[in-house]
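Take a look at the letters that make up each chain.
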Amino acid sequence: MRIVHVGASGVIGKAVSAELARRHDVIAVGRSAGDFHVDIDNPSSISRMFSQIGEFDTLICTAGAVHFAPLADFTIEQYAIGLQSKLMGQVNLVRLGLRLLREEGSFTLTSGPTNDDPISLETSSAMVNGALEGFVRSAAIELRQDRRINLVSPTMLEESSPLISRTSGWTPELTPKGA
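Now for a look at the structure at hand.

Conventions we followed
- Residues numbered from 1 in each chain as written.
- Predicted model: local features only at pLDDT ≥ 70, side-chain atom pairs only at ≥ 80, totals over all residues.
- Heavy atoms only, no water.
- Helix = DSSP H or I, 4+ residues; strand = E, 2+ residues; numbered from the N terminus.
- Buried < 20%, exposed > 50% of the residue type's maximum accessible area, 1.4 Å probe, protein only.
- Pairing = 2+ DSSP bridges.
- Core = buried A, V, L, I, M, F, W, Y, C linked by side-chain atoms within 4.5 Å.
- Expected span 1.5 Å × (residues − 1).
- Phe/Tyr/Trp six-rings, centres within 6.5 Å; stacked < 30°, edge-to-face > 60°.
- Contact = heavy atoms within 4.5 Å.

### Things to note about the environment of Met88
Next, step 1: Residue position: Met88 is located in helix α3 (residues 76-97).
Next, step 2: By relative accessible area, which is 33% here, Met88 ends up partly exposed.
Next, step 3: The sequence separation of Met88 and Ile40 amounts to 48 residues, and the corresponding C-alpha distance is 8.1 Å.

Take a look at the structure:
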């Protein structure tokens, strides 16, 4: 199977790519690392990536940024980070990738637990994850019967904690490795 993995060099992406590469042809895509480069915030960059890659069986996205901050401190520009990157970046991967998705193909997008289990400093994350869920539910009924779209919601990883702490000053409660 020919799998396009956007976000292959990220914290979750590395683990996903390593596992899939054992059985499939994985095309690693990242902002600055990988077989191809893409800025998912930019639809033109996504179109260029697809024109270089061509047809594929599956697209997996483990990329997308959100901002972490107290609700009272959030600016519209900080909310726009998650809306443009994690939400519209993944929506545009599906929208622009549809014409190259082979029969029996699928898209797998990534949200997170904050939509169902909100925590402090993550209103942007919860908002974007809820919107992704709505998009996937609606897109699923419009896709041809031989195509699928999935949304996965990994929990907080131990490896992600320093990234959130560095941007927000907050250390989340972690799920231990292997839990």
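So, next bit.
### Considering unusual backbone geometry
Next, step 1: The residue Glu104 is not glycine, and still its phi comes out positive at about 65 degrees.
Next, step 2: Note that Glu104 resides in strand β5 (residues 101-110).
Next, step 3: Although it is not a glycine, Leu121 sits at a positive phi angle of roughly 75 degrees.
Next, step 4: Of note, Leu121 is situated in the loop between β5 and α4 (123-142).

### Some details on the sheet that holds strand β4 (residues 56-61)
Next, step 1: As summarised here, the arrangement of the 6 strands in space is β3-β2-β1-β4-β5-β6, forming an open sheet in which the pairing is parallel. Strands with a single pairing partner mark the edges of an open sheet, and in this sheet they are β3 (36-37) and β6 (148-152).
Next, step 2: Note: strand β1 (residues 2-6) against β4, 4 bridges, orientation parallel. Directly across from Val4, in β4, lies its bridge partner Leu59.

### What about the nonpolar core?
Side chains that are nonpolar tend, in soluble globular proteins, to be buried together.
Next, step 1: If you look at the biggest cluster of nonpolar residues, it comprises 31 residues, and the most contacted ones within it are Val6, Phe50, Leu59 and Leu93.
Next, step 2: Contributions of two or more residues to this core are made by β1, β2 (25-30), α2 (43-53), β4, α3, β5 and α4.
Next, step 3: The element that contributes the greatest number of residues to this core is α3, accounting for 5 residues.

### Re α4
Next, step 1: The end-to-end C-alpha distance of α4 is 29 Å, a good match for the 28 Å that 20 residues give at a rise of 1.5 Å each.
Next, step 2: Within α4 the residues assigned to the buried category are Ser124, Ser125, Ala126, Val128, Asn129, Leu132, Val136 and Ala139.

### Let's talk about the packing of aromatic side chains
Next, step 1: Within this structure, the stated rule accounts for 3 aromatic pairs.
Next, step 2: Ring geometry for Phe50 against Phe56: centres 5.7 Å apart, planes inclined by 15 degrees, an arrangement best described as stacked.
Next, step 3: Residue classification places Phe50 among the buried residues on the basis of a relative accessible area of 1%.
Next, step 4: Ring geometry for Phe74 versus Tyr79: centroids 4.2 Å apart, planes at 20 degrees, classification stacked.
Next, step 5: Since its relative accessible area comes to 18%, Tyr79 is described here as buried.
Next, step 6: Linked through ring pairs, Phe50, Phe56 and Phe107 together constitute an aromatic cluster.

### Notes on the environment of Val66
Next, step 1: Looking at where Val66 falls in the secondary structure, it is placed in the loop between β4 and α3.
Next, step 2: With 58 residues separating them in the primary sequence, Val66 and Ser124 have C-alpha atoms 6.5 Å apart.
Next, step 3: In contact with Val66, other than residues within four places in its own chain, are Ile81, Gly82, Lys86, Ser124, Ser125 and Val128.

### A look at the pairing of β6
Next, step 1: Relative to β6, β5 is paired through 5 bridges, and the arrangement is parallel. Among the inter-strand pairings, Phe107 is bridged to a residue of β6, identified as Ile149.

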